[in-house]
Structures are given as C-alpha cells and as structure tokens.
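# An overview of the molecular structure
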Amino acid sequence: MGIDFHSKRNSNTYTTRKADKLWAVTLENLIPIKGISNALDIGCGGGIYSKALSDMGIEHVTGVDFSKAILDGAKENCKGYKNIDFEYGTAFETGLSSNKYDLLLERALIHHIKDLNSCFKEAFRLLNDGGFYIVQDRTPEDCLLKGDDSHIRGYFFELFPWLVEKETIRRHKSQCVIEILNKAGFRDIEEIKLWETRDVYDNKEQLLKDLKKRTGRSILHELDDEELNLLINHIDESLENNTNIVEKDRWTIWKAVK
C-alpha cells in the first residue's frame, strides 16, 4: 500500500511536530552553526527542520521536496519565517546552483532512495568547498529495537513481523552510507547515534489518536485500517504509562565535509 506523498490529504502529515531541542544541540556540536549563512533542507517534508535551522540562527534556508502537496503544507507551516523559501525538486536533480550552500541537511530521506550515488553526487555539487553535509536516517539496527514506553515504533514489528522486511529492505547499512559518501568525494566523515524525542503526549489517548491518523509515520501506511486498529489496541495494552509519554526514536547521523 504505502503512503501517497502527492495526495493533498497527506499535505500536513509532516507539519505537526517541532524538532527536538536535543537534535539542535547535537547539530551545534557537530558543525559551526554561527559560520553558516545559507542552508539547504532536501526532503524537507512539512518544514519542521527548516524552521529548526532558522531558529538556530542560520540566515537563509531553502527547503526542497518532490511533492507539491507536501510543499504546500510546508509553506503554510513556515509562513511566519521570511528567511525560508521552498523549491520543487528531487534529491537527484534539485535544479539549484552549484557550490552555493554552507550546510545541506537530508533528514529521514535516504530510506526512500535506492540510488545513493546520485543523491550524494548532487549534494556534493550543491555545497561550497568546506560545506557540511548532514544525513540522518535509521539503519536496520536502529529500526528493530524492542518496543517500550519510549520506543513506540518497536511495537509495530512485534505485532506484525512481516513489517520487518518492509522496513529493513529500505534502510541502508551504515558502512554502505560511509562508502558512498567517500566515493562521492566527501571527507572527514563522522557517524553518531541519537535518541531523538519525536513527541511528548500528555496522556496515552493523545498518542493513540496520533497513531490512528498515521501522522508522520510512513510505515503505518503499509497497514490497512483493521491492522492499524489491532496495533493501536496492542500498544494500548502494552504501555505501562498512561500520562506524560515521551516517544523517542534512535537515529544515525552521518556528518561529512566537501
């Protein structure tokens, strides 16, 4: 089944959260934010991280996405930010100028891409010499950690083991990412792990309502409505906490320099 990124009904699915403060701190520890004036957010979705980059003090941010519907949601989400603009394009062919950007972010993008060579070559072309490339995604190992009161995603695969193949087949191993970054010409490659807070819910009911809408979780679009209801009931029964639920996901971040 899968999510239809081009459907208007999904235009706001990636606009409802705010970036975790720990994510911003992690980025500031990896790269000299104060020295960056022009950033690019490819696969920007609803603009959550475009806003975060702006809030960190970057002068100008350009978001790029291949879905016009998703971009409509991003523009609405970021309408109060005069220093953010959006362009329609793909990770392989943005149509943007070469050697222009100090920072390029691709968060939660590469698991939708099989041809990392073309993706990373385009990133290399876009960056200034000395520019920073931040790729953030989940490796197969990140995805399949056990479910608990924080790692809600783990319950998806516990109840539906057939989702494991769906999830892991689209995830890239870290060594593969590093090798292709090197091949594209990047240097000073560094890998870190991050437990990023996805959202905080006042109570379990809020979380279950969010899951029912499949908000910002493309993997849930692999389930039909009956399967999704089974999953929601399973999570309802599995969670010990009824209030103040802090949902986290483990990510891998690769930093590279042109």
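Everything below is about the structure shown above.
Here goes a summary of the coordinates provided. Computed from a predicted model, the values in this text were never measured in an experiment. (Residues numbered from 1 in each chain as written. Predicted model: local features only at pLDDT ≥ 70, side-chain atom pairs only at ≥ 80, totals over all residues. Heavy atoms only, no water.)

## Description of helix H9 (residues 204–212)
- Every buried residue of H9 is listed here: Lys204, Leu207, Leu208, Asp210 and Leu211. End-on view of H9: buried residues confined to an arc of 160°, all on one side of the axis. Exposed side of H9, more than 90 degrees from the buried face: Glu205 and Lys209 are the residues found there.
- Check the buried side of H9 and you find it contacts helix H6 (154–159), strand S6 (187–203), helix H10 (225–238) and strand S7 (243–257). (Buried < 20%, exposed > 50% of the residue type's maximum accessible area, 1.4 Å probe, protein only. Helix = DSSP H or I, 4+ residues; strand = E, 2+ residues; numbered from the N terminus. Arc of directions from axis to C-beta. Contact = heavy atoms within 4.5 Å.)

## Regarding the packing of H9 against H10
- Orientation of H9 relative to H10, taken along the N-to-C sense of each, is 160°, at an axis distance of 10 Å. Comparing the axis directions of H9 and H10 gives the class roughly antiparallel. Relative to H10, H9 is oriented so that their crossing is right-handed. From H9, Lys204, Leu208, Leu211 and Lys212 reach across to H10, where they touch Leu228, Asn229, Ile232, Ile235 and Asp236. (Axes fitted to C-alpha atoms, helices over the stretch in contact; angles between N-to-C directions. Parallel < 35°, antiparallel > 145°, perpendicular 65-115°, else oblique. Left-handed = near helix turned anticlockwise from the far one by under 90°.)

## Topic: the packing of helix H4 (residues 116–126) against helix H8 (residues 174–184)
- Two elements in contact, H4 and H8, have axes separated by 9 Å at closest approach and are oriented at 50°. Judged by the inter-axis angle, H4 sits oblique to H8. Pair H4 / H8 crosses with right-handed handedness. Contact residues: H4 offers Leu116, Asn117, Phe120, Lys121 and Phe124, while H8 offers Val177, Ile180, Leu181, Lys183 and Ala184.
- Residue classes in the contact of H4 with H8 are distributed as 7 nonpolar, 1 polar and 2 charged. (Nonpolar A, V, L, I, M, F, W, Y, C, P; charged D, E, K, R; others polar.)

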